[in-house]
Amino acid sequence: MKHPVFAANWKMNQAPADAKAFMRQFLAYYPRQQDRTVLFFPSALTLSAVVEMVKDRTDLSVGVQNIHWEDKGAFTGENSATIARGAGARYVLAGHSERRHVFGETDEQTGLKVAAAERAGLTAVICVGETLDQRERGETNEVVLRQLRAAVAHIEPNQIAGSLVAYEPVWAIGTGKTATTADASVVHQAIRAALRDLTGERGEAVPILYGGSVNRGNAAALLAAPEVDGLLVGGASLEAENWAGIVRT
Ligand code: PEP
């Protein structure tokens with residue numbers, strides 16, 4: 001029996017007032033359901049507003065979209081895992097495709113960020129995914145597993161077992177193109193096998209989310225696929241009724 005995880009990545013959308021209005025609506029549409037977990041990744045400046053809105057709901061948690069890999073220091077404009085934790089975050093996205101491809105984040109930096117998250121008590125959602133070129137060259141599993149191993153290179157097996165992984169093909173993010181359930185499942189099974197190699201039996205329990213143009217129409221089919229334990233959703237998580245519809249899948 002799956003306990004699915006639904007994660008909303010709001011990217012650079014939703015100012016604090018928008019987020020409060022969203023959450024008022026969402027909470028009305030979505031009464032507590034203990035058989036699933038819902039995560040919100042607002043902008044760092046909107047985080048506190050969302051933390052406040054969900055404080056009475058143990059089924060809802062909040063995370064940041066990015067952290068710096070150092071714990072503190074002269075890094076103007078950045079947020080550390082410790083600051084994020086202090087502001088109420090419990091999760092962090094690590095290695096999201098936009099961090100890798102828009103901001104040039106490397107596999108090594110993602111690994112350092114995952115380690116920083118662990119030090120501060122944040123749960124990392126490790127994002128991996130291939131570009132269209134890499135898929136067409138037949139390199140999907142190689143790329144995804146290289147990203148995964150680099151992301152966990154600086155943490156212990158029990159910490160890997162406490163993380164989440166999100167498979168997000170770069171060509172599917174924000175494009176309206178979605179991996180078929182069969183294609184997603186093949187990659188999820190490869191990730192599961194790698195997690196077993198890295199952590200033994202405990203690798204079975206690591207939720208592996210799918211992300212990339214998920215919407216109300218395709219969510220159920222993706223979630224039913226073998227080894228798909230949840231969904232990481234960008235665009236379709238920005239409107240409360242729509243997001244509640246996906247979360248109730
Ligand atoms: C994402 O931002 O992680 C994502 C999957 O975006 P979208 O759902 O818009 O493709």
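Below you will find a few notes about this structure. Note that this is a predicted model, so its numbers are computed, not measured.

This part is about the site of the ligand. Around the ligand there are 14 residues in total, and K11, E168, G174, S213 and G234 lie nearest to it. A distance of 2.8 Å is found between an oxygen atom of the ligand and a backbone nitrogen or oxygen belonging to S213. Interatomic distance of 2.9 Å between a backbone N/O atom of G235 and an oxygen atom of the ligand. Protein contact buries 95% of the 290 Å² of open area that the ligand shows by itself. In a pocket analysis with a 2 Å cut-off to the grid points, the ligand is assigned to the second largest pocket.

As a general feature of sheets, a regular strand has side chains that alternate between the two faces. Neither face of strand β4 (residues 91-94) is open: one carries Y91 and L93, the other V92 and A94, and all of them are buried. Both strand β3 (residues 60-64) and β4 contribute to a ladder of two bridges, which runs parallel. In the sheet register, V64 faces β4, and the bridge partner there is V92. Handedness of the crossover joining β3 and β4 through helix α3 (residues 81-86): right-handed. Relative to strand β5 (residues 123-128), β4 runs parallel, the two being bridged by four bridges. Residue Y91 lies in a different strand from β5, and its bridge partner there is T123.

Apart from glycine, the bulk of residues carry a negative phi angle, and the bulk of peptide bonds sit in the trans form. Notably, Q14 is not glycine yet its phi reads approximately 70°, a positive angle. In this fold, Q14 is placed in the loop between β1 (5-9) and α1 (16-29). The backbone phi angle of S213 is positive, close to 55°, even though this residue is not glycine. Counting through the fold element by element, S213 comes out in the loop between β7 (208-211) and α10 (219-224). Note on S213: relative accessible area 17%, which makes it buried.

Around the barrel, which closes on itself, the eight strands sit in the order β1-β2-β3-β4-β5-β6-β7-β8 with parallel pairing between neighbours. Across the sheet, the axes of successive neighbouring strands diverge by a mean angle of 25°, strand direction being ignored. On the sheet, helix α9 (residues 181-199) packs against β5, β6 (164-167) and β7 and is oriented at approximately 150° with respect to β7.

Take the nonpolar core next. By size, the foremost hydrophobic cluster in this structure holds 65 residues, and its most contacted members are F26, F40, I67, I191, Y210, L231 and W243. One finds Y91, L93, V125 and L164 within the second-largest nonpolar core, a separate group that totals 12 residues.

This structure, assessed with the given rule, holds seven aromatic pairs. Taken together, a centroid distance of 6.2 Å and an interplanar angle of 80° make the contact between F22 and F40 edge-to-face. Placement of F22 in helix α1 and of F40 in strand β2 (residues 37-41) is noted, with a sequence separation of 18 residues between them. Per residue, the accessibility class of F22 equals that of F40, and both read buried. Each member of the aromatic cluster is reached from another via a ring pair, and the members are W10, F22, F26, Y30 and F40.

Moving on, we get to helix α5 (residues 107-120). Taking 1.5 Å per residue, 14 residues should reach 20 Å; α5 reaches 20 Å between its end C-alpha atoms and fits that length. Buried residues of α5: D107, T110, G111, K113, V114, A115, A116, A117 and A120, and no others. On its buried face, α5 sits against α3, β4, α4 (97-101), β5 and α7 (140-151). Where α5 terminates, the next one or two residues include G121, which has phi positive at roughly 85°.

With that out of the way, let us pick up the layout of surface pockets. In this approach the atoms are scanned with a rolling probe the size of a water molecule, which exposes any empty space left behind. The calculated volume of the largest pocket comes to roughly 550 Å³. Around the largest pocket sit 17 residues that line it, and M12, Q65, N66, R99 and F103 are the ones nearest its centre. Class assignment of the residues belonging to the lining of the largest pocket gives a composition of six nonpolar, seven polar and four charged. Grouping the amino acids of the lining of the second largest pocket by side-chain chemistry returns five nonpolar, nine polar and two charged.

Criteria and thresholds
- Residues numbered from 1 in each chain as written.
- Predicted model: local features only at pLDDT ≥ 70, side-chain atom pairs only at ≥ 80, totals over all residues.
- Heavy atoms only, no water.
- Near = heavy atom within 4 Å.
- Polar contact = N/O pair within 3.5 Å; in protein donor to acceptor, adjacent residues only side chain to side chain.
- Areas by Shrake-Rupley, 256 points an atom, 1.4 Å probe, with all protein chains shown as cover.
- 1 Å grid on protein atoms, 1.4 Å probe; cavity = no way out; pocket = protein on both sides within 12 Å on 5 of 7 lines; lining within 4 Å.
- Sits in = over half its atoms within 2 Å of the grid points.
- Buried < 20%, exposed > 50% of the residue type's maximum accessible area, 1.4 Å probe, protein only.
- Helix = DSSP H or I, 4+ residues; strand = E, 2+ residues; numbered from the N terminus.
- Pairing = 2+ DSSP bridges.
- Right-handed = clockwise from strand over helix to strand, strands pointing away.
- Axes fitted to C-alpha atoms, helices over the stretch in contact; angles between N-to-C directions.
- Contact = heavy atoms within 4.5 Å.
- Core = buried A, V, L, I, M, F, W, Y, C linked by side-chain atoms within 4.5 Å.
- Phe/Tyr/Trp six-rings, centres within 6.5 Å; stacked < 30°, edge-to-face > 60°.
- Expected span 1.5 Å × (residues − 1).
- Points joined across faces, edges and corners; volume = space filled by probe spheres on them.
- Nonpolar A, V, L, I, M, F, W, Y, C, P; charged D, E, K, R; others polar.

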